[in-house]
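Below, each chain spelled out in residue letters.
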Amino acid sequence: MPLPPTDPAPLQPFVFSTQGVEARHRFELWRSKYESFNALQPVLPVTEEFDACNEIWSFGSMALMRNSAPAMRFERGRQHIRRDSIDHWVIRLTHRGRSRMRLGEVDLQTGPGQLLLFTLGQPHEGDRSEADWISLYIPRDSFPDLSAGLSLLGPRVLDVPGARLLADYMTMIESRMSRLLPSELPALVESMRAMVAACLLHGACRQAAAEEMEVARLERIRCVIRRNIGSATLGPEKVCRLAGVSRSQLYRLFEPHGGVARYIQAQRLRLAHAMLGDPDCRLSIRAVAERVGHFDASAFSRAFRQEFGYSPRDARAAALGGQPPPAADAAMNPGAADFIGVLRRIGFAGEPHRNAA
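These figures come from a predicted structure and were not determined experimentally.

The rules behind the values
Residue numbers restart at each chain and count upward from 1, following the sequence in its written direction. Local features in this predicted model are restricted to residues whose pLDDT is 70 or higher, and side-chain atom pairs enter the listing and the counts only when it is 80 or higher, whereas totals over whole chains, interfaces and linings include all residues. Processing note: side-chain calculations cover all non-hydrogen atoms of the structure and skip hydrogens and water entirely. Values of pLDDT, ranging from 0 to 100, describe the predictor's confidence in every residue of the model. Residues are treated as being in contact if the distance between any of their heavy atoms lies within 4.5 Å. Type-normalised accessible area, obtained with a 1.4 Å probe on protein chains alone, sets the label of each residue: buried when under 20%, exposed when over 50%, and partly exposed for intermediate values. Counting from the N terminus, the helices are DSSP H or I runs at least four residues long and the strands are E runs at least two residues long. Paired strands are those between which DSSP finds at least two bridges. In protein, a polar contact requires one atom able to donate a hydrogen and another able to accept it; more generally it is a pair of N or O atoms within 3.5 Å, and residues adjacent in sequence count only if both atoms are side-chain atoms. When two rings of Phe, Tyr or Trp (its six-membered ring) have centres within 6.5 Å they constitute a pair, described as stacked for plane angles under 30 degrees, edge-to-face for angles over 60, and tilted for the intermediate range. Two limits define a charge over a ring: the Lys NZ or Arg CZ must be within 6 Å of the ring centre, and within 35 degrees of the ring normal. The axes used here are C-alpha line fits, helices contributing only the stretch in contact, and every angle between their N-to-C directions lies in the interval 0 to 180 degrees.

The next subject is the confidence of the model for the chain. With 86% of its residues at a pLDDT of at least 70, the chain reaches an overall mean of 83. In the model, residues 205-211 has pLDDT below 50 throughout and makes 10 contacts with residues more than four positions away in sequence or in other chains.

Right under this line is the structure:
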């Protein structure tokens, strides 16, 4: 008698918590988890009751994170941005506590129930009280029209009419993440994209194309890079020629991202990671490397390991075994690679392999 079909497993988050960690090591472990992303310092003397938790859900083209942590000072400088090349938009909802963020001369303060919009590609610093918050991460490259509208708004405390509705929607989605099935993720991404556009960008995307020429130019160049990512000769000169921009314009636009060469390399590796992480991808590791413009297998493997903390072979083995990617240095720092790894990977997961040709 055939067995009834089993229900697919619900979506699983990456979780990192100081619970279960020896008390005297809690803060240093927490700080080391984020040190390549931003610098953290305690506002008050650290005690052995340092309780903090990070839970991040990746759903293909976006990610949602729930955080709780003691009072902290934080800083994401240019060195962090050059190192990881992460430039996603962040919509952050504070549930408990207060936060102050400074971006250049702009000072943004938020409290419970307020939404904050900022980008990880812009240096910032600030401090917060003991707090609990959720963050929605939206890659620029996955949603160019959405990104253009958010650029028009710019970093700010969101006080537009639809902000409260979006906050309620984010809270509802976060509460349901543990019950979502993988088959429901495409609908979730589309509904989240539509809610952000409807609540925050009523008519803004159309204005952005006309009013923010710098944004439009940057998005056009990104599209050129994506379309030609498999070319071994893709570099600043070729991008200038294909996009119709000068070298000085190109370098100025990509300076916040660590330079255009670093940006191209990061895109190649992220796309390769997405392909190797897809169990339905039948290409060999060498073929994947060549699809994204890497024709030296050894150099590709070294660059991949440096970017993600594990080898292409490890990523492929995990995917074929139905497991999440391995965490770098997991024995010494459980979950250390999860947060940055998830942010690097979102945006390319689920893209058809033919797009890399």
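And the narrative resumes.
Because side chains alternate across strand β10 (residues 124-128), one face comprises the buried residues His124, Gly126 and Arg128, and the other comprises Glu125 and Asp127, none of which is buried. For strand β5 (residues 72-76) and β10, the ladder comprises 5 bridges, and the chain directions are antiparallel. Looking across to β10, one finds that glutamate 75 is bridged to glutamate 125. Across 4 bridges, strand β7 (residues 99-103) lies against β10 in antiparallel orientation. Along β10, the bridge assignment pairs methionine 101 with glycine 126.

Before going further, it helps to spend a moment on the environment of tryptophan 89. Looking at where tryptophan 89 falls in the secondary structure, it is placed in strand β6 (residues 89-96). If we ignore the near neighbours within four places in the chain, the residues touching tryptophan 89 are Leu117, Phe118, Thr119, Leu136, Tyr137, Ile138, Arg140, Ser147, Leu150 and Ser151. A polar side-chain atom of tryptophan 89 sits 3.1 Å from a polar atom in the side chain of serine 147.

Another point: the packing of aromatic side chains. Describing an aromatic ring pair means giving the distance of the ring centres and the angle of the ring planes. A complete count under the given rule lists 6 aromatic pairs for this structure. Arranged with centres 5.6 Å apart and planes meeting at 25 degrees, the rings of phenylalanine 16 and tryptophan 30 form a pair that is stacked. Taken together, the residues phenylalanine 16 in strand β1 (residues 14-17) and tryptophan 30 in helix α1 (residues 26-34) connect sequence positions 14 residues apart. For the residue pair phenylalanine 16 and tryptophan 30, the accessibility class agrees, reading buried in each case. Aromatic ring contacts, followed pair by pair, group Phe16, Trp30 and Tyr34 into a single cluster. Positioned above the aromatic ring of tyrosine 34, the side-chain terminus of lysine 33 is 5.6 Å from the ring centre. Above the plane of the ring of phenylalanine 37 lies arginine 76, whose end atom (NZ or CZ) is 4.5 Å from the centre.

Strand order in this open sheet of 7 strands is β1-β3-β4-β11-β6-β9-β12, and the pairing throughout is antiparallel. The open sheet has two edge strands, β1 and β12 (156-158), and neither has a second partner. Taken pair by pair, the neighbouring strands of this sheet meet at an average axis angle of 20 degrees, ignoring direction. Sheet analysis places β1 next to strand β3 (residues 53-58), joined by 4 bridges and oriented antiparallel. Paired with serine 17 across the bridge in β3 is cysteine 53. Relative to β6, helix α4 (residues 163-176) is tilted by about 80 degrees, and along the sheet it contacts β3, β4 (63-69), β6, β9 (115-119), β11 (131-138) and β12.

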